[in-house]
Every structure is written in C-alpha cells, then in structure tokens.
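Read off the chains here:
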Amino acid sequence: MSWLRSIFKLLTGVSGEKLTVEHMGRLLTSVNHSPLLTRRRSLVILSRIRLLSFVAAILILTGILIDYIYYDPETFIKLASFRGAAATILFILTFATRNSDSLQSAYRALFIFVGTNVIYQALYQPIVLPDYLQSIVDLPTAGYALYPFLIAACFALFPLNIKESFLGAVLFLTAELLIVTLATTDLNPQPGLGVLIALCSACALSSFSAISQMSYMVSLVEQASVDSLTNCYSRNSGEEILDVQFRIASRQQSHLSVVFLDIDSFKVINDRYGHEAGDKVLTTAAKLIRRNLRESDVSIRWGGEEFLMILPHTDADGATRAIRRLRASGLGKRPDGKPLTASIGIAELQSSNAETWMDLVELADAEMYKAKTNGKDDFRVFMPKPKPKSKMSKTA
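Within each chain, residues carry numbers counting from 1 in the order of the written sequence. Given that this is a predicted model, residues contribute local features only at a pLDDT of at least 70 and side-chain atom pairs are listed and counted only at 80 or more, while totals for whole chains, interfaces and linings are drawn from all residues. The basis for every side-chain value is the complete set of heavy atoms in the structure, and neither hydrogens nor water enter the calculation.

## Details of the overall build of the chain
Argument step 1. Within the chain one finds 14 helices and five strands.
Argument step 2. Out of the 396 residues belonging to the chain, those deemed buried represent 46%.
Argument step 3. In this description, contact between two residues means that some pair of their heavy atoms is separated by no more than 4.5 Å. Taking all contacts inside the chain whose residues are at least 6 apart in sequence as the whole, residues at least 24 apart take part in 74%. Strands here mean DSSP runs of E at least two residues long; helices mean DSSP runs of H or I at least four residues long; both are numbered from the N terminus. Here's how the labels work: a residue is buried when its accessible area is under 20% of the maximum for its type, exposed when over 50%, partly exposed in between, all with a 1.4 Å probe on protein chains only.

Now the structure itself:
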C-alpha cells in the first residue's frame, strides 16, 4: 500500500496518508459526499460555468470578424448565424445561472455548456472542415480545428470525480466520433481518426486534472471542516451544513430535527482529572454519538462539551427515538468509572415554525437548559403552545 500512496502523492501532490478507502470512495462517486462538500463543489462548478460561458460567448462573437474577412458571403452568413445562436445561449447561461447547493443544478449547467459547444461544432464542421486536417490551410480553419480541443480542455477546470470524468469523456468522444463520421466526405478515415486519438489524449489529461482538483477539494474540506479531537464537524462548517439543510427542508416542507446535547458536569472532569482526561471523555462520547446516527445525520461539536445533531427528514418522534437509543447505549464513562450523562434538547422545524436555523437551534438549546436545570441526565422536546380557543359569540 505504501507504493500506491507514493504514486498518489507524486501525481496529485496530496499526502499519501489521505489515500484511505473512504477518501478513494469520495473520489469515485458522489454518494458518500457530505452536504458541505457537495455545496462547495456545486458552487465551484457553477461559478466556473458562468465565467467560461461569458468568455466563450465573447470569443465566438469576435470570430465573426475573421469569418467576414476570409469566407464568401454565403458561407459567412451560415457561420455568423451559428455563432450568434451559440453566443446567445452562452450569454443566457452566464446570467441565468445562480448559485445552488444542488449538484443537479451544476450538472445541468455543465451539460448545457458542453452541449452548446458540441452542437456549434457539429454545425460548422461540414462547412469549414469536411476532411479535418486536409482542410486546415489558414488561420480561421486552424481555429475551427482547434475548437474541440478547447472543449476537452474545459473539463480540466471542474472538480469532478472518477465516475463523472469517465462518463463526460465517453459522451464527448462519442459526439466527436459522430461529427467526424458525418462530416467526412471521402472514404479516407485517417484525418478524423488522428483527431479522435488526439482528443482521447486531451480528455485523459483533462480528466486527470479534474480528479486531482476533486482530491484537493476533498482533502481541504476534510481538514477545514472536521474538529481534530472529536472527528465531528466544527461549528463553522456545521453552521453552513445547517443552513443548507434548513433551506432544503423549508423549501420541500419536510421534517428537520435539531438535537442540542451538553455533557453534564464536564468542568468537574477537567478540574479534577485534567484536560487530557476531559479530551478522552469527549472523544469517546463523540464516537458513540456518531455510531448511533444514520449516514444522513450530521454531528457537530458546537462548543467545548456541547454537540449539535442534525437529523434530516426526521420529526420530533423520530428524534426522540434516536435519543432514547443513544441514552440506552450510553456516552461512555467518566474518569471515576461512573456513566457519562448529558442534558439534551430537541426541536423540529415543522412543529416549531422556526423562521431561521438560528431560531431552531435556540429552541433546542432552551430545551436542553430546562433539562439541565431540572436535574440533568434527561432530555426535553420543544412542544408549541396550543393556540387559544376563540370565544364564541353569545347568541341571543
């Protein structure tokens, strides 16, 4: 395994220690990506789509002047119409694309960008470069011949996993093969075959760059977002995840529960046994908390001995059952051998009608405080106050 780590570090520049099964799984597909990583990747892809679309639209429109100089009026009109249509779509993509937490939005924008450029190439190819390399005689034709390589190079600018890079390369090369097959006017396949081989190499290099970016992003997000002691998300990253989950739940009118957990009498542990013993208690408690959560749930170290749990698609009853399981399995032992206990508060979005994620956390925190002041080692669930009954007007 050491030689594989060495090759990984040589090719990507990322420490070979990051080459774990979990890390490789994140590079292979997006199934196990955290909401934070998904959001960061979506934002990067969309921002680069906007930039590339704007630059491509400007360059495509600029080429109209060159076409006007070199081509006859009939050919120029056709090429100008193709350029105008492609530039219009790219401009629309530039200004219509908005930031989103969803990878589906990023995939859609990427598909439109690549599809527009490939269709534009398919339209001009039979007119300008029917036989590819034999048709390259001057500056305009050289530019048209270079265009598919520019499309392939664009893939290198996006953080894509192995599955996405492979599917993107296959779809792009299949489209190029169809273009070459339909555009070639004679029976000599060598010019088009040579271009496809070169494009395969370009796609391979672009895919490597995209996967390397993905590897860097995974490593950076892991380092910046995870608390080194407990391996839970840090508070800053947790707030970002909570913001995403709150907006998704509000938009879909789905359940979202927040659990606020505070370890009881933790200051006594630090004062009596030292901070090293306190760190050990926190590490064990965090491990047991994560073990009792689902893969879709999120655990956050909110403060010193405070933890916040985000339970998507979970109502108050479901969150209560999860906390009962956690309390039954325990949070570990205190240094004196006694069970470690915690005070816990639960709040759910739909039943609380919280307007922001901060309100939801405050409600769970308030319930935790009630459990703490009422004897500790307990949990409370926020229950909305019943609406007062309207007085019936007396009938005569």
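Further notes follow.
## Quick look at the pattern of salt bridges
Argument step 1. Any carboxyl oxygen of Asp or Glu that lies within 4 Å of a side-chain nitrogen of Lys or Arg is treated as forming a salt bridge with it. One pass over the full model with this rule turns up 14 salt bridges.
Argument step 2. In this structure, Asp 227 and Arg 301 form a salt bridge, with 3.3 Å as the shortest nitrogen-oxygen distance. Note that Asp 227 is positioned in the loop between α8 (190–225) and α9 (235–252) and Arg 301 in strand β2 (residues 298–301), a separation of 74 residues in sequence. One exposure class covers both Asp 227 and Arg 301, and it is buried.
Argument step 3. Linking Lys 370 and Glu 367 is a salt bridge whose minimum nitrogen-to-oxygen distance equals 3.4 Å. One end of the pair, Lys 370, and the other, Glu 367, are both in helix α14 (residues 357–373), three residues apart, so they sit about a helical turn from each other.
Argument step 4. Each member of the salt-bridge network shares a partner with another, and the members are Arg 39, Arg 40 and Glu 240.

## Notes on the pairing of strand β4 (residues 342–348)
Argument step 1. Across the seven residues of β4, seven count as buried, placing the element largely inside the fold.
Argument step 2. The alternating pattern of β4 places Ala 342, Ile 344, Ile 346 and Glu 348 and Ser 343, Gly 345 and Ala 347 on opposite faces, both of which are buried.
Argument step 3. Two strands pair under a simple rule: DSSP has to find at least two bridges between them. In this sheet, β4 lies alongside strand β1 (residues 256–263) in antiparallel orientation, the contact comprising seven bridges. Residue pairing in the sheet places Val 258 in a bridge with Ala 347 of β4.
Argument step 4. Sheet topology places β4 next to strand β5 (residues 379–381); three bridges connect them, and they run parallel. Bridged to Gly 345 within β5 is Arg 380.

## Describing the side chain of Asp 264
Argument step 1. Residue position: Asp 264 is located in the loop between β1 and α10 (266–273).
Argument step 2. Only 2.9 Å separates the side chain of Asp 264 from the backbone nitrogen of Asp 377, close enough to count as a polar contact.
Argument step 3. For Asp 264, the contacting residues outside a window of four places in its chain are Arg 334, Thr 341, Ala 342, Ser 343, Lys 372, Lys 376 and Asp 377. Polar contact is defined as a pair of N or O atoms within 3.5 Å, subject to the rule that within protein one atom must be able to donate a hydrogen and the other to accept it, and that residues adjacent in sequence are counted only when both atoms are side-chain atoms.

## Describing the confidence of the model for the chain
Argument step 1. In this model, the chain carries an average pLDDT of 85, and 86% of its residues clear a pLDDT of 70 or more.
Argument step 2. pLDDT is a residue-level measure of predictor confidence that goes from 0 to 100. In the predicted structure, residues 391–396 sits below a pLDDT of 50 and forms zero contacts with residues beyond four places in sequence or in another chain.

## Things to note about helix α11 (residues 275–291)
Argument step 1. Between the first and last C-alpha of α11 there are 24 Å, a value that for 17 residues agrees with the 24 Å anticipated at 1.5 Å per step.
Argument step 2. Within the sequence span of α11, burial applies to Ala 277, Gly 278, Val 281, Leu 282, Ala 285, Ala 286, Leu 288 and Ile 289.
Argument step 3. Among the structural elements, β1, α10, β2, β3 (306–312) and α12 (316–329) are those in contact with the buried residues of α11. What a helix should span is 1.5 Å times the count of its residues minus one.

## Considerations on the nonpolar core
Argument step 1. Judged by nonpolar contacts, the single largest core of 45 residues is most densely connected at Ile 49, Phe 113, Tyr 120, Tyr 144 and Phe 172.
Argument step 2. If you list the elements that add at least two residues to this core, you get α3 (35–70), α4 (73–96), α5 (103–128), α6 (139–154), α7 (162–183) and α8.
Argument step 3. Tallying contributions element by element places α5 first for this core, with 10 residues.
Argument step 4. In contact with Tyr 120, not counting residues within four places along its chain, are Ile 60, Phe 82, Arg 83, Ala 86, Tyr 144 and Tyr 147.
Argument step 5. Buried Ala, Val, Leu, Ile, Met, Phe, Trp, Tyr and Cys residues form a nonpolar core when they are joined through side-chain atoms within 4.5 Å. Counting residues in each nonpolar core, the second largest holds 29 residues, with Leu 242, Ile 300, Trp 302 and Ala 364 among its members.

## As for unusual backbone geometry
Argument step 1. The phi dihedral of Gln 253 falls on the positive side, at around 55°, and the residue is not glycine.
Argument step 2. Within the element layout of this structure, Gln 253 appears in the loop between α9 and β1.
Argument step 3. In this structure Gln 253 comes out as exposed when scored by relative accessible area, which is 59%.
Argument step 4. You will see that His 313, though not glycine, has its phi angle at about 55°, which is positive.
Argument step 5. Topologically, His 313 is positioned in the loop between β3 and α12.

## Points about a nonpolar patch on the surface
Argument step 1. In this analysis, a patch consists of residues with relative accessible area above 30% that form no salt bridge, clustered at 9 Å for like charges and at 5 Å for the nonpolar side chains Val, Leu, Ile, Met, Phe, Trp and Tyr. Per-residue and other accessible areas were derived by the Shrake-Rupley procedure at a 1.4 Å probe size, with only the shown protein chains allowed to occlude residues. Together, Leu 51, Phe 54, Val 55, Ile 58, Leu 59 and Phe 95 give the surface a local cluster of nonpolar side chains, amounting to about 570 Å² of exposed area.
Argument step 2. Sorting elements by how many residues they give to the nonpolar patch places α3 first, with five residues.
Argument step 3. The residue Leu 59 is located in helix α3 in this model.

## Considerations on the packing of α10 against α11
Geometry of a packed helix pair, given as the angle between the helix axes and the separation of the axes.
Argument step 1. Only the contacting stretch of a helix is used when fitting its axis, a line to C-alpha atoms as for every element, and angles between N-to-C directions run 0 to 180 degrees. Where α10 contacts α11, the two axes come as close as 7 Å, and the packing angle between them is 140°. One finds that α10 runs oblique with respect to α11. For the pair α10 and α11, the contacting residues are Phe 266, Ile 269, Asn 270 and Tyr 273 in the first and His 275, Ala 277, Gly 278, Val 281 and Leu 282 in the second.
Argument step 2. Throughout this entry, Asp, Glu, Lys and Arg are counted as charged residues, while Ala, Val, Leu, Ile, Met, Phe, Trp, Tyr, Cys and Pro are counted as nonpolar. The remaining residues, Gly among them, count as polar. Its residues assigned to classes, the contact of α10 with α11 comprises six nonpolar, three polar and no charged. When describing relative orientation, an angle under 35 degrees is termed roughly parallel and one over 145 degrees roughly antiparallel, while 65 to 115 degrees is termed roughly perpendicular and anything else oblique.

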